[in-house]
Amino acid sequence: MLLDRPASSDLGALAARLFSEVAERTADVEGVSRPAFSTIETETLQFLLDFARSEGLAADWDAGRNVVFSLPEHERGDNYILVGSHVDSVPCGGNFDGLAGVLAGLLCLVRAKREGARFAQPVKVIAMRGEESAWFGPCYVGSKALLGILSETELAARHKEGGKTLDAHMEAVGIDMTSVRASRPLLDRKAVTAYLEVHIEQGPVLIERNLPVAVVSGIRGNFRYKKIACFGEAGHSGAVPLAYRHDPVLAMAELLNGLDVAWHDFASKDGDLVVTSGMVSTDRAKHALSRIPDSVEFSLDIRSQDAGMLQKMHDLVLRHAERIGRERNVRFDFGDGLWTKPALCHRQLIAELTRSAEALGLEPAIVPSGGGHDAAVFSQVGIPTGMIFIRNRNGSHNPHEAMEIGDFEIATSMLYEFLISPQKSGPNKQRKAVPC
């Protein structure tokens, strides 16, 4: 059942009710599950569409089977600011990842409609599908399809459970795949003067700094190796002296320690960098307390907003591995690496969002995003992009996300302030994404 429209204009209470309703509709054994390109995702979008129409807003499905909302007078706008995020979730995930950004934009439209306010430029809000990589492997599927950059390889990716291709799932929800398969955009990129996304922070920075919101400077790029193997020589743990050891575990540890030292050095100079090895394992069929392993496998994920920093770290990884391999008589096999370019937020949008925060009496803060977002796709195709983070406890991609509605209200008010204030850039001026 659609929520009854409240008599008051308390958008915070309305937001809480919308979050609660979507959580109930998409509940799993723990948290929520809104699979990409599923019936559940479609039903969530339909619920939001029905709510928007009940508030007198224009709302309809686009060519990618996303839902686009606007004030009625802006439905056919030739140039507009696009505000959005995604509605899908990881399996048994949290309710706020993605959904918070959609509702922030939608409630800005509701407020403008109720108050008879005018935006400085036409505004459209989009609720997108398929951002999470958990279901098929590729990420940002909805926004990539929208912008005409979803690859043939990505379309051939198979669902983690049923095994059907992404292409088949997209077609099943009603998308005409002709343009998607031909890499033709489903919207006019030139019509979008800027893309803005509100999102929960997926790390602890705002919690630690006791800040409800922050402006995002950019989304970190990365290079990743899913499975690096280090090969040595098996032996008895007590019988092989140091001089005769070929220990792959200690070689791996030395490599990771060297990267950690470099990270600390870069951080002391305010360099933007994070280093993670999230998977480490020896062969369970052979490993033992008293055995020197003959091999170890581990992952490596290094991220930065600075493309030069990523290249320096990659060079360092290879130099360390070559030296350690020679000194310890082991061999590293890196396999195939994956690279993602940093996506920088637009400097002028950062400044304008910062001014919006100051206009509300907020302490301006600018932080990087370690996680990826649809905003990265818009930035990388040349659309000026900005983001607002909302404070959130317990990280993300888990059922324990803990965004407070009060913080959500602050972020929504900050977005609204931006949308109603005349921007110095104007809709037709050329913007260039540059690092902060």
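Now for a quick tour of the structure. (Residues numbered from 1 in each chain as written. Predicted model: local features only at pLDDT ≥ 70, side-chain atom pairs only at ≥ 80, totals over all residues. Heavy atoms only, no water.)

## A short note on the pairing of strand S5 (residues 192–200)
Counting buried residues along S5, 9 of its 9 residues qualify, which places the element largely inside the surrounding structure. Pairing geometry for strand S3 (residues 80–86) and S5, over 4 bridges, is parallel. Residue pairing across strands places Ile81 opposite Ala194, the latter belonging to S5. Of the strand pairs in this sheet, S5 and strand S17 (residues 385–390) are connected by 6 bridges, and their pairing is parallel. Looking at S17, one finds that Leu196 is bridged to Gly386. (Buried < 20%, exposed > 50% of the residue type's maximum accessible area, 1.4 Å probe, protein only. Helix = DSSP H or I, 4+ residues; strand = E, 2+ residues; numbered from the N terminus. Pairing = 2+ DSSP bridges.)

## Here we look at the environment of Glu21
For Glu21, the location among the structural elements is in helix H1 (residues 11–25). Taking relative accessible area as the criterion, Glu21 reaches 13% and is therefore assigned buried. For Glu21 and Gly371, which are 350 residues apart along the polypeptide, the C-alpha to C-alpha distance reads 27 Å. A polar atom in the side chain of Glu21 sits 2.8 Å from the side chain of Arg25. (Polar contact = N/O pair within 3.5 Å; in protein donor to acceptor, adjacent residues only side chain to side chain.)

## Some points on the side chain of Thr385
Topologically, Thr385 is positioned in strand S17. Polar side-chain contacts of Thr385 include one of 2.8 Å to the backbone oxygen of Ile383. With sequence-adjacent residues up to four places away left out, Thr385 is seen in contact with Tyr195, Cys345, His346, Leu349, Ala375, Phe378 and Ser379. (Contact = heavy atoms within 4.5 Å.)

In short, the description is geometric, and any link to function would need to be established separately.
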